[in-house]
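Commentary on secondary and tertiary structure
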Amino acid sequence: MSLVTETKNVSKPADFVQGTLDLLLLKILALEPLHGWAVSQRLTQVSGNILQVSDGSLYPALHKLEQEGWVRAEWKTSDLGRRAKFYSLTRLGRRQLASESANWERLSGAITSVVKLSEV
Amino acid sequence: MRLERWLYVVPLRLRSIFRYGRVEEELDEELAFHLERQVAENIARGLTPEQAQHAARQALHSLERTKEECRDMRKVRLLEDLMKDLYYALRMLRRSPGFSILAILCLTLGIGATTVVFSWMEGILLRPFPLVAAQDRLVAITSEDRNGRDDLSWPDFLDLRENSTLVEVFIADRIVSTTLSIGARSERATGSVVSANYFQALGIHPILGRTFDPSDEIGRNAHPVTVISYQAWKDRYAGDVNIIGKTQLFNGVKHTIIGVAPPGFHGTFVGYSFQFWVPASMDEVFDAGGYKLENRAARWIEGFALLKPGVTIQQAQLEMSAIARRLENDYPATNRGMTVKLYPLWQTPFNGAGTLLPTLRISLVVACFVLFIACANVGNLLLFRSFARRHEMTVRLSLGAARHRLLKQLLTESLLLALLAGCGGFAVAYWCRNLIMLLFPRYPGVIVNLPAAIDWRVLALSAGVCVISTLLFGLIPALQAGKIDLADAMKSDSGGALGGRGKAWVRSALVLVQVSLSFVLLVAAGLLLKSVRAMRDSNPGFSVDQTLTTSVDMIAAGYNPERIRSFEDALLDRLQRMAGIQTAAFARVNPISYKSFSSSKIDIARSERQKEEQPVIEYAEVGPAYLATLGIPLISGREFTRADNENARFVAVVNQTMVRQFWAGKDPVGQRLQVKGQWVQVVGVAQDSKYSSLLETAKPFFYVPLRQSIMGQALAIRTSLPPGIVARALTRAVKALDANLAPGEVITMREQVYRMSWSERAAVTLLMILGGIALALAAIGLYGIISYNVSQSTRELGLRIALGADASDLMRLIVSYGFALTAAGMIVGGIAALGLTRLLGYLLYQVSPRDPLTFASAIAIMAAASLLACLLPAWRAMRIDPVQALRN
């Protein structure tokens, strides 16, 4: 049960995927504080249905970010007037996001160049 | 960076643990919110409410699993599980209080017994001087020669002090008993003659005044000063703050009080509490053997050495041996064959540590036995109960509980049992910690001080015992639970115990262990009991029933030697005129008492032996007719008379062993012997007897007239009258001569000998108590397994009754089952006992470790106990209603 299932059902190394999900969530939360449901919606929107994060994997991932101290949870009233748990980035989380995005750039850059090489 | 992370993380972890309920609520609410929105959206997409609900839940995998995964993220899972397990375990214990109480009681006895013994070992052997900061580096030091261990002489002590590089400081110490007089009041008191550095070396600071100056140990009788104990200050001087500078009399000599030791400092003699300390220069006042600070042959110091940090006792021992060899070279006349030995504190040979070591060692083994037996009992109880819980376990397994979680749960329950029992054990240890004081001999003027220490080391060790015992008794049932075959267990709800009939051997093995361990204890207790009896009934070479021993304390009353002599003559005359008293005699020390005999290196005129080889031999200073009074037969010559006084020729009576060793068995009467540099003539030969201990082997020994050496206050009376009558008569006779005097306690020599065998009796008492507990535990174990088996085979027994078995058949069936177990246990235990009782050797007196009578009695007791354990289940079996049993 991988945490992120790509539509084409290609299996990937678990830690790579895990790191990616963390990065995605951190990035989404960096834009604005959201509750779980909204995160799930936003994830579908931004990844354009290519990455489908199951709701069952989303919550443990959010809780993990919280327990690592990267995001902070607050109970606020949602748009529909109901109390919801909003996640927002902490200072630690911003630092984590920066380092993870840098990592991702390096990694994807490397992979891209490899892929391009093979096309020649 | 790391610190900042902790700032975020720690409050979260704490919240997960301590606000568990709130965190769970929030999790529920968060997921509920998500579901709600998802359902709303699904409906908007055109699904029916039911479909929407289902699809939403589907997307969250299973709600419970998501929750579990979220909980896993909190990273306090282990702790959380433990708390849950503990809570559950508590509920389980409360549900079956009978089981819980029995299990906790069994374990309490086991853990309590081991904790008590630990606390004794810690307080008596390992760290006996709590106020001494560096006691880990403290070792005992004595000399040793061909005749065995001896004390150190002052000149040797000074040479060691001078030449050692590995020892930080040496302390001289000698326990002395004296008459302490304050004003008109006088009483016996125990204290110590010490080197002047005593208090500084131990790091003990006085609460009042000062301790000794280095000069205080120099000069014959030059420094009559004393430091008194806190207890003495409180008791005798009512805590007088102006005590410094006041004087008190020790053996009639005025000493100035210069300091008061702090509370809790009892000196350095394991077993007794010192009431005062005096510097070495005053030794002569306390020991009539003369001034010894310049005498290399006079060995009297019971010393301690404080090793430098990092120095091992082996390294220090090498250095001591080297110095001793040099001393041997330099002073062959006194030091030939002498070496210096270091002992760790717990092996200190000259105080209570050394005497208690074998007893405590045996107690430790026995306490561990009791612990094992208790663990086996609880293990069996848990096995029985795990049968009752088999259904629960099966259900939990089939609902998807991981086996290792079940195992953890069961071990947690066991740990909780052990912890509760551990608390009980501490209570037991706390109440029993002074029990050993009751076993230590008491003398007038002596304060017994055997502190059991319950410190963090004892606590840690006992906590370790709790954990180990948990594993011992908890693991077997837990592992059995791990083996549940789900399919099998679901199929049949009745059937045998956990794991089926095949596992019955585990329970039987546990009972067998119990029976065999308690059998070993029974045998050991029996052997010791017999040995103590043998000691009491033994013939030490003098009359134990017809001789009474007592003393008259004349020195305390301020008598000078002249007055003592005339008083003694007058008293003996009066006594001998009394009907029923045959003879009476004074001596310095009566045999087999706590006081030691004098000793001297001796020389024999016209001996073929080398001149410089002068053996040290013990001797007694005794009055006229002493041998007749003690009932020691005279082989040849005569014994002392009143004519052997200070003006007559100096004489001696030697024993048979001495005749064999020095005069090659020829009658030495008329020969000469040099004692303490004084030539004396041998006038008689006395039969060998025991002198200091019943356990000693034949040794050379001689007697000199009391009049020709020193004063004596020990009185022996030969009579067939009971001690009580003689005591009254003696008191009247003493008072008639001097109303200020009173005789000490009058007891038979048999009683005296009996009192001196206290360490053996202490071992017997401890072993009997622990052995009794072990027997009771084993009987409970046996009872448990037999009544369990009876309850399990109700149907079979019912069938037998229906087929015509009568009560006696059933009785035979059940008792024979019990006896088979007991017999197997006794065979194993018997073999173990044959091997183990040799360890008792030191304490056994004229009893073979394989004494058949003792083994037979142990078998009888064990059989009786097992019969008792069988009776109730058998009675229950006989009352089975066959119709009822078969219907079920």
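Quick summary incoming for the structure in this document. (Residues numbered from 1 in each chain as written. Chains lettered and ligands numbered in written order. Predicted model: local features only at pLDDT ≥ 70, side-chain atom pairs only at ≥ 80, totals over all residues. Heavy atoms only, no water.)

Attention shifts here to the overall build of chain B. Within chain B one finds 29 helices and 27 strands. A compact globule built from 888 residues should have a C-alpha radius of gyration of about 29 Å, whereas chain B, at 37 Å, is more than 25% larger. For chain B, the spread of C-alpha atoms along the principal axes amounts to about 135 × 85 × 55 Å. Here chain B, with 888 residues, has 51% of them falling under the buried criterion. Expressed as a percentage of contacts within chain B between residues at least 6 apart in sequence, the contacts between residues at least 24 apart total 79%. Of the roughly 39000 Å² of accessible surface on chain B, a fraction of 60% belongs to carbon and sulfur atoms. Taken as two groups, the 95 positive and 76 negative side-chain charges of chain B have centres that lie 4 Å from each other. (Helix = DSSP H or I, 4+ residues; strand = E, 2+ residues; numbered from the N terminus. Rg over C-alpha atoms; globule rule 2.2 N^0.38 Å. Buried < 20%, exposed > 50% of the residue type's maximum accessible area, 1.4 Å probe, protein only. Contact = heavy atoms within 4.5 Å. Areas by Shrake-Rupley, 256 points an atom, 1.4 Å probe, with all protein chains shown as cover. Lys, Arg positive; Asp, Glu negative; His and termini not counted. Charge placed at Lys NZ, Arg CZ, Asp CG, Glu CD.)

Let us look at the nonpolar core. Residues and elements named next belong to chain B. Core analysis: the largest hydrophobic core is formed by 159 residues, its most contacted members being Trp277, Leu417 and Tyr703. Tallying contributions element by element places helix α13 (residues 352–388) first for this core, with 17 residues. Apart from the residues within four sequence positions on either side, tyrosine 703 is in contact with Ala620, Val622, Leu627, Ile632, Phe640, Val651, Ala652, Val653, Ala686, Ser689 and Tyr691. Grouped together as the second largest cluster of nonpolar side chains are 43 residues, Val193, Trp233, Val285 and Ile323 included. (Core = buried A, V, L, I, M, F, W, Y, C linked by side-chain atoms within 4.5 Å.)

Here Ile104(B) lies in helix α6 (residues 97–126). Sequence-wise, Ile104(B) and Gly422(B) are 318 residues apart; in three dimensions their C-alpha atoms are separated by 8.8 Å.

Taken together, the contacts link 30 residues of chain B with 31 residues of chain A. When chain B packs against chain A, the two sides together hide about 2900 Å² of surface, and 54% of this comes from carbon and sulfur. Per-residue buried area on chain B facing chain A is highest for Glu30(B), Phe33(B) and Arg37(B); these three make up 22% of the total on that side. One can count 3 salt bridges joining chain B with chain A. With its nearest N and O atoms 3.6 Å apart, the salt bridge here joins Glu30(B) to Lys85(A). Between chain B and chain A we count 8 residue pairs in polar contact (both at pLDDT 80 or more) in total. Looking at the side of chain B that touches chain A, the elements with two or more residues in it are α1 (2–18), α2 (20–44) and α4 (63–72) of chain B. Sort the elements by how many residues they give to the side of chain B that touches chain A and α2(B) lands first, with 12 residues. (Buried area = accessible area lost by both parts, 1.4 Å probe. Salt bridge = Lys/Arg side-chain N within 4 Å of Asp/Glu carboxyl O. Polar contact = N/O pair within 3.5 Å; in protein donor to acceptor, adjacent residues only side chain to side chain.)

Looking at helix α24 (residues 749–756) of chain B, one finds that the buried residues are Met749(B), Gln752(B) and Val753(B). For α24(B), the buried positions fall inside an angular range of 95° around the axis, keeping them on one side. (Arc of directions from axis to C-beta.)

Here the focus is the pairing of strand β22 (residues 651–655) of chain B. Residue and element names in this part refer to chain B. For β22, the buried fraction is high: 5 of the 5 residues fall into the buried class. Covered by surrounding structure in β22 are Val651, Val653 and Asn655 together with Ala652 and Val654, the residues of both alternating faces. The pairing of β22 with strand β24 (residues 678–686) spans 5 bridges and is parallel. Residue valine 654 lies in a different strand from β24, and its bridge partner there is valine 685. (Pairing = 2+ DSSP bridges.)

Right, let's talk about the pattern of salt bridges for a bit. All names here are of chain B. A complete count under the given rule lists 41 salt bridges over all chains for this structure. Between glutamate 646 and arginine 565 there is a salt bridge, and its shortest N-O distance comes to 3.6 Å. In this pair, glutamate 646 sits in the loop between β21 (634–637) and β22 while arginine 565 sits in helix α20 (residues 561–577), placing the two residues 81 residues apart along the sequence. The class of arginine 565 is buried, set by a relative accessible area of 18%. A salt bridge links lysine 699 to glutamate 618; its shortest N-O distance comes to 2.6 Å. With lysine 699 in the loop between β24 and β25 (701–705) and glutamate 618 in strand β20 (residues 616–622), this pair connects stretches of sequence that are 81 residues apart. Assessed through its relative accessible area of 23%, glutamate 618 is described here as partly exposed.

All names here are of chain A. Running from N to C, helix α2 (residues 36–46) and helix α3 (residues 55–68) point in directions that differ by 120°, and their axes come no closer than 10 Å. If you check the angle between α2 and α3, you find them oblique. The element α2 and its partner α3 pack so that their crossing is right-handed. Contacts between α2 and α3 pair Gly36, Trp37, Val39 and Ser40 from the former with Asp55, Leu58, Tyr59 and Leu62 from the latter. Split by residue class, the contact of α2 with α3 holds 5 nonpolar, 2 polar and 1 charged. (Axes fitted to C-alpha atoms, helices over the stretch in contact; angles between N-to-C directions. Parallel < 35°, antiparallel > 145°, perpendicular 65-115°, else oblique. Left-handed = near helix turned anticlockwise from the far one by under 90°. Nonpolar A, V, L, I, M, F, W, Y, C, P; charged D, E, K, R; others polar.)

Turning to the packing of aromatic side chains, a few remarks are in order. Residues and elements named next belong to chain B. Using the criterion set out here, one finds 25 aromatic pairs over all chains in the structure. Between tryptophan 154 and tryptophan 300, the aromatic rings sit 6.2 Å apart at their centres with planes inclined by 20°, giving stacked as the arrangement. One end of the pair, tryptophan 154, is in helix α7 (residues 154–163); the other, tryptophan 300, is in strand β13 (residues 299–301), and 146 residues separate them in sequence. Of the two residues, tryptophan 154 and tryptophan 300, both sit in the buried class. (Phe/Tyr/Trp six-rings, centres within 6.5 Å; stacked < 30°, edge-to-face > 60°.)

Time to look at the sheet that holds strand β5 (residues 83–89) of chain A. All names here are of chain A. In spatial order, the strands read β2-β5-β4; together these 3 strands make up an open sheet with antiparallel pairing. On the outer flanks of this sheet lie β2 (34–35) and β4 (71–77), each paired with one strand and no other. As paired elements, β2 and β5 share 2 bridges and run antiparallel to each other. Residue histidine 35 lies in a different strand from β5, and its bridge partner there is phenylalanine 86. Along the sheet, α3 contacts β4 and β5; its crossing angle with β5, the most-contacted strand, is approximately 55°.

What follows is about the packing of helix α5 (residues 77–95) of chain B against α6(B). Residue and element names in this part refer to chain B. The geometry of α5 relative to α6 is characterised by a closest axis approach of 5 Å and an angle of 105° between their N-to-C directions. What the angle tells us is that α5 and α6 run roughly perpendicular. Here α5 contributes Leu93, Arg94 and Arg95 to the contact with α6, which in turn contributes Pro97, Phe99 and Ser100. When the residues that make up the contact of α5 with α6 are grouped by side-chain class, the tally is 3 nonpolar, 1 polar and 2 charged.

Right, let's get into the pairing of strand β23 (residues 672–675) of chain B. Working note: regular strand, side chains alternate between the two faces of the sheet. All names here are of chain B. Bridge count for strand β19 (residues 598–604) against β23 is 3 bridges, and the pairing is antiparallel. When the bridges of β23 are listed, aspartate 603 appears paired with glutamine 674. Taking the residues that link successive antiparallel strands as the turn, the β23-β24 hairpin has 2 residues, and the phi of lysine 676 there is positive, at about 50°.

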